[in-house]
Amino acid sequence: MTDTSNHHTDDPRQGFIGLVAGLAEASGPDGLTLREIRDRLDERAFGLMILILAIPCLVPALYGVPQIVGIPILLLAGQMLVGREEPWLPEAALKRRVSKAMLDRMADFAVKRMGWFERLSRPRLTLFTQGIAEQAAAAFMILATLTIVLPMTNTVPSVALALLSVGLIQRDGVFVAAGAAVATGWFTALLVVGIGFIVGAGWAVGLMARFTG
């Protein structure tokens, strides 16, 4: 079996895509646990772990997976929000295993569908990726994750998570700003729809009561 002990994935071919692909290449037939994935990542572990968890949720109208990965994403983003330097997850979560097949699919998706993320991202406006700005990005990640767990609404907030994660990994303030805008816009849209539904339902009930009263 492939040795997955505490050493980092070091793939000089690509940035974050190379790291995701490296995890798939390094995994044994049983895949990797979240602990092994965390221990293989470098100082960009927060952004990379959130990106890895968000990749499967980019599949449209997915149900089940977003509800499972939402909890560790919230835990990781919450730690970023309070300024923690290294990611921590509960022992039960660290023992959760990501199958070899899932790692292969994530690597394939990253290479084929996320290449433009890496080609377009580069260190710029780094002021928006450090310190308080990084904590603000974590707050937008939490906002996106709160909507990612809703049934059939996972793709747009997953895009926001991917943009925010890549922005932090690549130190690209433009990506961070774009991710924050997508997260805010999507949350606002859902809020407006929800309020409209409640108001509309109240109006319908009142109208019905008028005609039946």
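All figures in this text were calculated on a predicted structure; none of them were measured in a lab.

A. Structural detail: the overall build of the protein. A tally of regular secondary structure across the protein gives 10 helices and 2 strands. Along the protein, helices and strands appear, N-terminal first, in the series α-β-α-α-α-α-β-α-α-α-α-α. Out of the 213 residues in the protein, the part that is buried amounts to 44%. For the protein, the proportion of contacts with a sequence separation of at least 24, taken over those separated by at least 6, is 76%. Of the roughly 11100 Å² of accessible surface on the protein, a fraction of 66% belongs to carbon and sulfur atoms.

B. Expanded view of the environment of Phe-16. If you trace the backbone, Phe-16 turns up in helix α1 (residues 16-26). Setting aside residues up to four positions removed in sequence, Phe-16 forms contacts with Leu-48, Leu-51, Met-114, Phe-117, Glu-118, Val-166, Ile-169 and Gln-170.

C. Summary view of the pattern of salt bridges. Enumeration over the complete set of coordinates arrives at 5 salt bridges. A salt bridge links Asp-108 to Lys-112; the shortest N-O distance between them is 3.3 Å. Taken together, the positions of Asp-108 and Lys-112, both in helix α6 (residues 100-113) and 4 residues apart, correspond to about one turn of that helix. We classify Asp-108 as partly exposed; its relative accessible area is 37%. Note that Asp-172 is salt-bridged to Arg-124, the shortest N-O span being 2.8 Å. On the criterion of sequence distance, the pair formed by Asp-172 in the loop between α9 (155-170) and α10 (173-212) and Arg-124 in the loop between α7 (115-120) and α8 (132-148) is long-range, its members being 48 residues apart. Relative accessible area serves as the criterion here: at 22%, Arg-124 is assigned to the partly exposed category.

D. Summary view of α1. With 10 of 11 residues buried, α1 is to be regarded as a mostly interior element. For α1, the complete set of buried residues consists of Phe-16, Ile-17, Gly-18, Leu-19, Val-20, Ala-21, Gly-22, Leu-23, Ala-24 and Ala-26.

E. Inspection of the packing of aromatic side chains at higher detail. Within the structure shown, the criterion is met by 2 aromatic pairs. Aromatic pair Trp-116 and Phe-117: ring centres 4.1 Å apart, planes at 50 degrees, arrangement tilted. Phe-117 sits in the buried class, given a relative accessible area of 7%. With 5.9 Å between their ring centres and 65 degrees between their planes, Phe-117 and Phe-175 make a pair best called edge-to-face. With Phe-117 in helix α7 and Phe-175 in helix α10, this residue pair connects regions lying 58 residues apart in the sequence.

F. Just the packing of α1 against α6, in detail. In contact at an axis separation of 8 Å, α1 and α6 are set at 155 degrees when each is read in the N-to-C sense. As far as their axial angle goes, α6 and α1 are roughly antiparallel. Taken as a pair, α1 and α6 cross one another with a handedness that is left-handed. Contact residues: Ile-17, Val-20, Ala-21, Leu-23, Ala-24 and Glu-25 in α1; Lys-100, Leu-103, Asp-104, Met-106, Ala-107, Ala-110 and Val-111 in α6. Of the residues that constitute the contact of α1 with α6, the class distribution is 10 nonpolar, no polar and 3 charged.

G. The arrangement of the nonpolar core in detail. Of all hydrophobic cores here, the largest spans 54 residues; its most connected members are Phe-16, Ile-37 and Met-114. At 9 residues, helix α3 (residues 45-54) tops the list of elements feeding residues into this core. Excluding its chain neighbours within four sequence positions, the residues that come into contact with Met-114 are Phe-16, Ile-17, Leu-51, Ile-55, Leu-58, Phe-109 and Ala-162.

Cut-off values and rules
- Residues numbered from 1 in each chain as written.
- Predicted model: local features only at pLDDT ≥ 70, side-chain atom pairs only at ≥ 80, totals over all residues.
- Heavy atoms only, no water.
- Helix = DSSP H or I, 4+ residues; strand = E, 2+ residues; numbered from the N terminus.
- Buried < 20%, exposed > 50% of the residue type's maximum accessible area, 1.4 Å probe, protein only.
- Contact = heavy atoms within 4.5 Å.
- Areas by Shrake-Rupley, 256 points an atom, 1.4 Å probe, with all protein chains shown as cover.
- Salt bridge = Lys/Arg side-chain N within 4 Å of Asp/Glu carboxyl O.
- Phe/Tyr/Trp six-rings, centres within 6.5 Å; stacked < 30°, edge-to-face > 60°.
- Axes fitted to C-alpha atoms, helices over the stretch in contact; angles between N-to-C directions.
- Parallel < 35°, antiparallel > 145°, perpendicular 65-115°, else oblique.
- Left-handed = near helix turned anticlockwise from the far one by under 90°.
- Nonpolar A, V, L, I, M, F, W, Y, C, P; charged D, E, K, R; others polar.
- Core = buried A, V, L, I, M, F, W, Y, C linked by side-chain atoms within 4.5 Å.

Read these as layout, nothing more, since geometry by itself doesn't imply function.
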